[in-house]
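Chain residues, written in single-letter form:
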Amino acid sequence: MSPKPEDSTPASRPSETAPGSIVIPQITIGAFCETSGVANAAGAAASDRRMQRTRMSVQMGGLPAAIELYRSSPTPNLIIAESSADEATLFGQLEALAEHCLTSTRVLVVGHRNDVTLFRDLLERGVSDYVVAPVDVVGLVGTIARLYRESGAQRLGKLCAFIGTRGGAGSSTVAHNTAFAIAGEVGRDVLLADLDLPFGTVGLDFNIEAPHGILDAIHEAGRLDDVLLDRLMTMRTERLNLLTPPLALGGAYDLRETEFDELAELARSSARLTVLDLPHMWTSWVRRRLIDADEVVITATPDLASMRNLKGILEFLKNARPHDAPPKLVLNQIGLPKRAEIKPAAFAEAVGLQLQAEIAFDAKLFGGAANNGQMIGEVAPRSSPARAFAELGLGLVVAREAKVERRGLKRLLKR
Ligand SMILES: Nc1ncnc2c1ncn2[C@@H]1O[C@H](COP(=O)(O)OP(=O)(O)OP(=O)(O)O)[C@@H](O)[C@H]1O
Ligand SMILES: [Mg+2]
């Protein structure tokens, strides 16, 4: 067992939050439970998307079962052991387990007493962490992530995938304007990657004739690193970098499911926030990017077809990432003349989501901005859409729990 480096207590430590941007490394985990509550949480955690690289086995029997098993087989990277035993028994069992443990093996104890003295004693004995039952899936994944967070991982970035419910819903417009607002008003570094290889508009929208950075990022698979990525990006503002698709139609783009994995990983390992502008497609690679994203933003138009498509996407996301927060919903092009529309409140209620932003149809504003290669925040910074993009960007940047900072930024935006 390796010593526990951090000095925190179960009582003083802030509660674990959804470790959105964390992917736990390739480790093996053995969970030995006593109660069905902990066993269920461990079983569900094993299928969480952040644990996709890990291999976890869950069994009942607590520490005695672990000691029995590891007497004759090598220990995994992490042992999770639930124990409701008294202190003397628990320490005795841990000592017995330690005899069979590889030095690299860590032990996480799930106990039933919120006792700081016990916690300190356990850490002194080489236990990596102690959490108090009941544990939930997100809390458990968060605890494991904290144990395996590398020194630089504090700098982890966040991937936000933007997709529309139908072609032309305005998803790219929302993605580009939100990225611009994050870099501008919210003041954070953003990478905007246009993954619509044949028809992407990021170059047009920002009025830049950039080389096809996104295509090179795919071609350089295997060699992609920070330095190369920096070279492929085009700087729009000090804080906003773009990865642009080719200017002209090339051959066919039959992308593999894992095509953007490397880029996503690299983007996530940087401190910044990455906006992925996904095309309106339902291919395996698009679905993979949605499953992998830390946040999903869906842009819908207020009509029946959009609602039906949105329900399908929501169901897919719920099945594929059951422990994540629901996606953020933007209703766009509200009030398009002569279109039969569903009222925003009724639309949101029907799909069971809160509306993050409502944006009116405004051909003059959006058409004008697009023609000039400018963002709404540049041509009409005080307009309602500009504020909506800034609010949306703020919601993506600021963690839910950071309420103080969030309030401060909100005041900033109001100004
Ligand atoms: N609120 C709005 N009012 C008026 N026009 C808008 C609005 N939002 C977007 N548009 C316009 O609608 C068109 C389609 O927008 P956009 O390319 O962003 O949609 P998309 O969902 O990304 O489409 P695709 O399916 O091709 O990816 C653009 O010309 C854009 O300027
Ligand atoms: Mg688009």
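**Considering the environment of Pro 25**
Here's step 1: In this structure, Pro 25 sits in the segment before strand 1 (28-33).
Here's step 2: For the pair Pro 25 and Met 51, spaced 26 residues apart in sequence, the C-alpha to C-alpha distance is 7.9 Å.
Here's step 3: Non-local contacts of Pro 25, meaning those with residues more than four positions away in its chain, are made with Arg 53, Thr 54 and Tyr 148.

**A closer look at the side chain of Thr 105**
Here's step 1: Relative to the elements of secondary structure, Thr 105 occurs in the loop between helix 3 (87-98) and strand 4 (106-111).
Here's step 2: There is a polar contact of 2.7 Å between the side chain of Thr 105 and the backbone oxygen of Pro 76.

**Re the pattern of salt bridges**
Here's step 1: Here the structure, examined in full by the defined rule, presents 23 salt bridges.
Here's step 2: Of the charged contacts, one joins Lys 158 and Glu 295 as a salt bridge, the two residues approaching to 3.3 Å between their closest N and O atoms. Linking Lys 158 in strand 6 (residues 158-164) with Glu 295 in strand 11 (residues 295-300), this pair joins segments that are 137 residues apart in sequence.
Here's step 3: With its nearest N and O atoms 3.7 Å apart, the salt bridge here joins Lys 328 to Glu 295. Here Lys 328, found in strand 12 (residues 328-334), pairs with Glu 295, found in strand 11; they are 33 residues apart in sequence, far enough to count as distant. Both residues of the pair, Lys 328 and Glu 295, count as buried.
Here's step 4: Taken together, the shared-partner salt bridges in this structure form one network comprising Glu 257, Asp 261, Arg 268, Arg 288, Arg 289, Asp 292 and Asp 294.

**Observations regarding helix 5 (residues 137-147)**
Here's step 1: With 11 of its 11 residues buried, helix 5 lies for the most part within the structure.
Here's step 2: Inspection of helix 5 places Val 137, Val 138, Gly 139, Leu 140, Val 141, Gly 142, Thr 143, Ile 144, Ala 145, Arg 146 and Leu 147 among the buried residues, and these make up the whole buried set.
Here's step 3: At its buried positions, helix 5 is contacted by strand 1, helix 1 (36-46), strand 3 (78-82), strand 4 and strand 5 (129-132).

**A short note on the sheet that holds strand 7 (residues 190-194)**
Strands in a sheet are paired, the pairing made by backbone hydrogen bonds, and the direction either parallel or antiparallel.
Here's step 1: With mixed pairing, eight strands are arranged side by side in an open sheet as 8-9-7-10-6-11-12-13. In the strand order of this sheet, the two ends are held by strand 8 (234-235) and strand 13 (355-360), each with one partner.
Here's step 2: With four bridges connecting them, strand 7 and strand 9 (residues 240-243) associate as parallel partners. Its bridge partner being in strand 9, Leu 191 is matched across the sheet by Asn 241.

**Overview of unusual backbone geometry**
Most peptide bonds adopt trans geometry, and most residues besides glycine take a negative phi value.
Here's step 1: Between Ala 133 and Pro 134 the backbone carries a cis peptide bond, its omega angle lying at 0°.
Here's step 2: Its place among the elements puts Pro 134 in the loop between strand 5 and helix 5.
Here's step 3: In the Ramachandran plot, Asn 207 falls in the positive-phi region, its phi being about 55° despite a non-glycine side chain.
Here's step 4: As for its position among the elements, Asn 207 is in the loop between helix 7 (202-205) and helix 8 (213-219).
Here's step 5: One non-glycine residue with positive phi stands out, namely Lys 338, at about 70°.
Here's step 6: Among the secondary structure elements, Lys 338 is positioned in the loop between strand 12 and helix 13 (344-351).
Here's step 7: Judged by relative accessible area, Lys 338 falls into the exposed class, the value being 88%.

**Focus on the nonpolar core**
Here's step 1: With 45 residues, the main nonpolar core has Leu 243, Leu 290 and Phe 347 as its most contacted residues.
Here's step 2: Of all the elements, helix 12 (residues 304-320) adds the most residues to this core, at six residues.
Here's step 3: Every residue in contact with Phe 347, bar those within four places of it in the chain, is listed here: Ala 300, Thr 301, Pro 302, Asp 303, Ser 306, Met 307, Leu 310, Leu 329, Leu 331 and Ile 342.
Here's step 4: With 39 residues, the next largest nonpolar core counts Cys 160, Ile 376, Ala 380 and Phe 389 among its residues.

**What to know about the site of ligand 1**
Here's step 1: Around ligand 1, the structure places 16 residues, and the nearest of them are Gly 170, Ser 171, Ser 172, Thr 173 and Asn 332.
Here's step 2: One nitrogen or oxygen atom from the main chain of Ser 171 is found 2.9 Å from an oxygen atom belonging to ligand 1.
Here's step 3: One of the side-chain N or O atoms of Ser 172 is found 2.7 Å from an oxygen atom in ligand 1.
Here's step 4: Burial of ligand 1 by the surrounding chains reaches 74%, relative to a free accessible area of 640 Å².
Here's step 5: Elements that contribute at least two residues to the shell around ligand 1 include exactly helix 6 (171-183), strand 12, strand 13 and helix 14 (363-372).
Here's step 6: Of the residues belonging to the shell around ligand 1, the class tally is six nonpolar, nine polar and one charged.

Cut-off values and rules
- Residues numbered from 1 in each chain as written.
- Chains lettered and ligands numbered in written order.
- Predicted model: local features only at pLDDT ≥ 70, side-chain atom pairs only at ≥ 80, totals over all residues.
- Heavy atoms only, no water.
- Helix = DSSP H or I, 4+ residues; strand = E, 2+ residues; numbered from the N terminus.
- Contact = heavy atoms within 4.5 Å.
- Polar contact = N/O pair within 3.5 Å; in protein donor to acceptor, adjacent residues only side chain to side chain.
- Salt bridge = Lys/Arg side-chain N within 4 Å of Asp/Glu carboxyl O.
- Buried < 20%, exposed > 50% of the residue type's maximum accessible area, 1.4 Å probe, protein only.
- Pairing = 2+ DSSP bridges.
- Core = buried A, V, L, I, M, F, W, Y, C linked by side-chain atoms within 4.5 Å.
- Near = heavy atom within 4 Å.
- Areas by Shrake-Rupley, 256 points an atom, 1.4 Å probe, with all protein chains shown as cover.
- Nonpolar A, V, L, I, M, F, W, Y, C, P; charged D, E, K, R; others polar.

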